[in-house]
Amino acid sequence: MKPIHTLAVGAALAAAVGQANAAEIEVLHWWTSGGEAKAANMLKQKLEAKGHTWKDFAVAGGGGDSAMTVLKSRAISGNPPAVAQIKGPLIQEWGEMGFLGNIDEVAEKENWNAFLPERLAADDKVDGHFAAVPVNIHRINWLWANTEVLEKSGIDTLPKTWDEFFADAKKIREAGFIPLAHGGQPWQDATVFEVVLMGTGGADFYRKAFVDLDPEALTSDTMVESLKTFKKLRGTMDPDIAGRDWNIATSMVISGKAAMQIMGDWAKGEFTAAGLEPGKDYLCEAAPMTEHMFSYNVDSFAMFQVDDEGQHQAQMDLASLILSKDFQATFNKAKGSIPVRMDVPLDDFDPCAKASHEAFLAAQDGGGLVPSLAHGMAVSASVQGAVFDVITNFFNDPDMSAETAAERLASAVRAAS
Ligand code: GAL
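Because the structure is predicted, anything quoted here is derived from the model rather than measured. (Residues numbered from 1 in each chain as written. Predicted model: local features only at pLDDT ≥ 70, side-chain atom pairs only at ≥ 80, totals over all residues. Heavy atoms only, no water.)

A. Spatial organisation of the state of the cysteines. Summed over the entire model, instances satisfying the criterion amount to one disulfide. Here Cys 284 engages in a disulfide with Cys 352; their sulfurs sit 2.2 Å apart. On the sign convention where negative is left-handed, the bridge of Cys 284 and Cys 352, at about -105° about the S-S bond, is left-handed. Separated by 68 residues along the polypeptide, Cys 284 in strand S11 (residues 282-286) and Cys 352 in helix H17 (residues 351-366) bring together distant segments of the chain. (Disulfide = S-S within 2.5 Å. Helix = DSSP H or I, 4+ residues; strand = E, 2+ residues; numbered from the N terminus.)

B. Inspection of the packing of aromatic side chains at higher detail. The tally for this structure, following the rule as stated, stands at 20 aromatic pairs. Chaining the aromatic ring pairs together yields one cluster made of Phe 193, Tyr 206, Phe 210, Phe 230 and Phe 395. Over the face of the ring belonging to Phe 166 we find Lys 232, whose NZ or CZ atom lies 4.2 Å from the ring centre. The cationic tip of Arg 234 hangs over the ring face of Phe 395; the distance from NZ or CZ to the ring centre is 5.1 Å. (Phe/Tyr/Trp six-rings, centres within 6.5 Å; stacked < 30°, edge-to-face > 60°. Lys NZ or Arg CZ within 6 Å of the ring centre and 35° of its normal.)

C. Here's a closer look at the sheet that holds strand S10 (residues 258-262). Ordered in space as S9-S10-S8-S11, the four strands form an open sheet in which the pairing is mixed. Edge strands, defined here as strands with exactly one partner in the open sheet, are strand S9 (178-181) and S11. Across this sheet, the average inter-strand angle for adjacent strands is 20°, counted without regard to direction. Note that S9 and S10 share three bridges and pair parallel. Bridging from a neighbouring strand, Ala 181 pairs with Gln 261 of S10. Against the sheet, H17 makes contact with strand S8 (142-146) and S11, and its axis sits at roughly 160° relative to S8, the strand it touches most. (Pairing = 2+ DSSP bridges. Axes fitted to C-alpha atoms, helices over the stretch in contact; angles between N-to-C directions. Contact = heavy atoms within 4.5 Å.)

Right, here's the structure in full:
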């Protein structure tokens, strides 16, 4: 006879998964830094509490470039995971190739359309059917800063313009710190460039250049000016940026080696995991000149087609728990993002999250809400790759002029479109 406690656990699991069988699903993601791994683990535990098994398929590499390469090779060999972290237009690309399943059943039952912002939900649908579930909303255009380093450098408030930024950087350097922490990887270069472009050109210009891919915008004076400011930022970094991971750059701000970082709010997950308090130990503010803008980056989990009914049920259970109010609150606090459900109370979120939520709503009303190109929300993967190449080459080539880079950007985008 089985011991009583085993029977009790078995009964609890059977109840948790209802009629369907408990199943194992493999989940591909790239959440491997301290704060991210913590957040991913919450999801794993919740799924397992429902009786299913989460087979972890973590591929390290910020921004997910390596994860996407691995996903392609697994799909080509006919063995994709059941669930994969995929974003924006790339979800459509996978859907159109026939790889994704349909989770309308749970979306309809829980009335997702009622609480998800329409524009964001659209990215998770293929031909009008939910094939993926959104998890969060990250804001890209943030400036993070170590308060003590600022104080020691004689700076009271964070810079509001790029001129102020460069003046502050000089003071920080003189006080013996690195002004801007950065990791020299194409997606991080593109993250910083995107933020400079938003501030320099405004939301309409950003959309013309990075959503509509308008050749005139891509070669315009505003583009040239943005490229020049971006290149100038190199002088505010340390000489060892090459290949550095984003979370190592964040740790330079945390430890007080560097003063600031321009990065999406997953950086806050690192500050939080290190036990730092916003407003006291570190500051979060919109990057220079982007106060009324919000470059959004929504993480989603796409559901691949599965034959096994149990696995399909596990996918829907995962989707359901991701969008539960409880999970939205606990997960997003750890991840640094804000809930993708607009009806989750933020009372006990930190001030950066509250500011992010307000900025999101204001940008949505005021036209300042833009999809992040650097994070795969704006254009196809091939155009994004072409932009990354030009931006990174320009950033690392002391001899390339901003005018040449703008011309190259326009022709690379044309070739990739
Ligand atoms: C983004 C992703 C974030 C975070 C970041 C760094 O693309 O949306 O959730 O993981 O990369 O890896």
